[in-house]
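Overview (structure and organization)
These are the residues of each chain, in order.
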Amino acid sequence: MSATELPVSHAELMDGVYRWQRHIYDLTRKYFLLGRDRLIDGLDVPQGGTVLELGCGTGRNIVLAARRYPNARFFGLDISAEMLETAGAAIAREGLSGKVNLARGDATDFDAKALFGIERFDRVFVSYSLSMIPGWEKTVSAALAALAPGGSLHVVDFGQQEGLPRWFRSLLRGWLRKFHVSPRASLRDVLESESQRAGTTFRFRTLYRGYAYLGVIGSSK
C-alpha cells in the first residue's frame, strides 16, 4: 500500500479523535502510558543505526529516543496527518529535523523504501499503538519484515490488568473505549507465534501487575 492509498475510514477516525487531543496528549498520557521510557532505554541502538517507530503520534517517543541515541537515524510513521503535524513541530523545536524523518502511512502495510528511501531498520518499535490499529497483527508482521539482520522489534502496550482490582479494569476499559483503544488479549501469543515463525528470540515482561506488556522479538544473527 502506498502513502496515498491509506485506509480512509481509519485515517479519518484518527484525525477526528486527535484533532484537538493532540495538543494535550503528552501532558495527559504521561500518567497512564506506562513503560514507554523502559522500552526506549532497552532499544540499545548500535552506533549509526536506524530506528523506525510505527504509530509515532505526537513524536514524544521518537524525540526522547533521538536524544538517548544521538548517533542513530530515526524514522516515524503514522496514519494521522494531525498527529504528524504535532510530531513535526516537536522535532523541529528540539533541533532534530536533520536526523528524524516522518511519513504518513498505514502501519499494517507500508513500503519503507518508498516512504523513507530505506528498506530495513536495526530497531523497530511500537508504543501503545497496536491497541488502536484494526488488524494489528499485520503490523507485527510488517514490522518484522522491516528488520535488518540482527535487528529487533520492541512493543509496549496495555496489558490485561490481571493483577489489578476488577473495578480499576472496568473503569480503565470504559475510558479507553472513548478513544477507540482496545487492549489486545492475544498480544503475547501473537508476538510469540511471530517470533517462532521467524526463528527469532523472544522476551516478554508483564509490568505493573499486568497494566502493561513489554515484548521484544530479536532477529537471529
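Data block above holds the structure.
Residues numbered from 1 in each chain as written. Predicted model: local features only at pLDDT ≥ 70, side-chain atom pairs only at ≥ 80, totals over all residues. Heavy atoms only, no water.

Broken down by element type, the protein chain carries 9 helices and 7 strands. Across the protein chain, contacts joining residues at least 24 apart in sequence account for 74% of those joining residues at least 6 apart. When the accessible surface of the protein chain is summed, it comes to about 10,400 Å², and 51% of that surface belongs to carbon and sulfur atoms. (Helix = DSSP H or I, 4+ residues; strand = E, 2+ residues; numbered from the N terminus. Contact = heavy atoms within 4.5 Å. Areas by Shrake-Rupley, 256 points an atom, 1.4 Å probe, with all protein chains shown as cover.)

Okay, the sheet that holds strand β7 (residues 212–218) next. With respect to topology, 7 strands assemble into an open sheet ordered β3-β2-β1-β4-β5-β7-β6, the strand pairing being mixed. The sheet is open, and its two borders are formed by β3 (100–104) and β6 (201–207), each paired with just one other strand. Neighbour to neighbour, the strand axes of the sheet diverge by 15 degrees on average, direction disregarded. Direction of pairing for strand β4 (residues 121–127) relative to strand β5 (residues 147–158): parallel, over a ladder of 6 bridges. (Pairing = 2+ DSSP bridges. Axes fitted to C-alpha atoms, helices over the stretch in contact; angles between N-to-C directions.)

Before going further, it helps to spend a moment on the packing of aromatic side chains. Evaluated as defined, the whole model comprises 10 aromatic pairs. Judged by centre distance (6.0 Å) and plane angle (35 degrees), the rings of F202 and F204 are tilted. One aromatic cluster is present, formed by Y128, F158, W167, F168 and Y211 through successive ring pairs. (Phe/Tyr/Trp six-rings, centres within 6.5 Å; stacked < 30°, edge-to-face > 60°.)

This part takes up the environment of T201. Within the secondary structure layout, T201 lies in strand β6. Note: C-alpha distance between T201 and S152 (49 residues apart in sequence) is 9.2 Å. In this structure, T201 is in contact with S195, V216, I217 and G218, ignoring residues within four places of it in sequence.

Attention shifts here to the pattern of salt bridges. Evaluated as defined, the whole model comprises 4 salt bridges. Notably, a salt bridge pairs D37 with R60, separated by 2.9 Å at the nearest N-O pair. Pair noted here: D37 is in helix α3 (residues 36–41) and R60 is in helix α4 (residues 60–68), with a separation of 23 residues, a long-range link. In this structure D37 comes out as partly exposed when scored by relative accessible area, which is 40%. As a salt-bridge pair, R68 and D41 come within 3.4 Å of each other at their nearest N and O atoms. In this pair, R68 is assigned in helix α4 and D41 in helix α3, connecting sequence segments 27 residues apart. (Salt bridge = Lys/Arg side-chain N within 4 Å of Asp/Glu carboxyl O. Buried < 20%, exposed > 50% of the residue type's maximum accessible area, 1.4 Å probe, protein only.)

Attention now moves to unusual backbone geometry. One non-glycine residue with positive phi stands out, namely D44, at about 50 degrees. With respect to the helices and strands, D44 occurs in the loop between α3 and β1 (50–54). Given the relative accessible area of 56%, D44 is considered exposed. The backbone of H180 sits at a positive phi, close to 60 degrees, despite the residue not being glycine.

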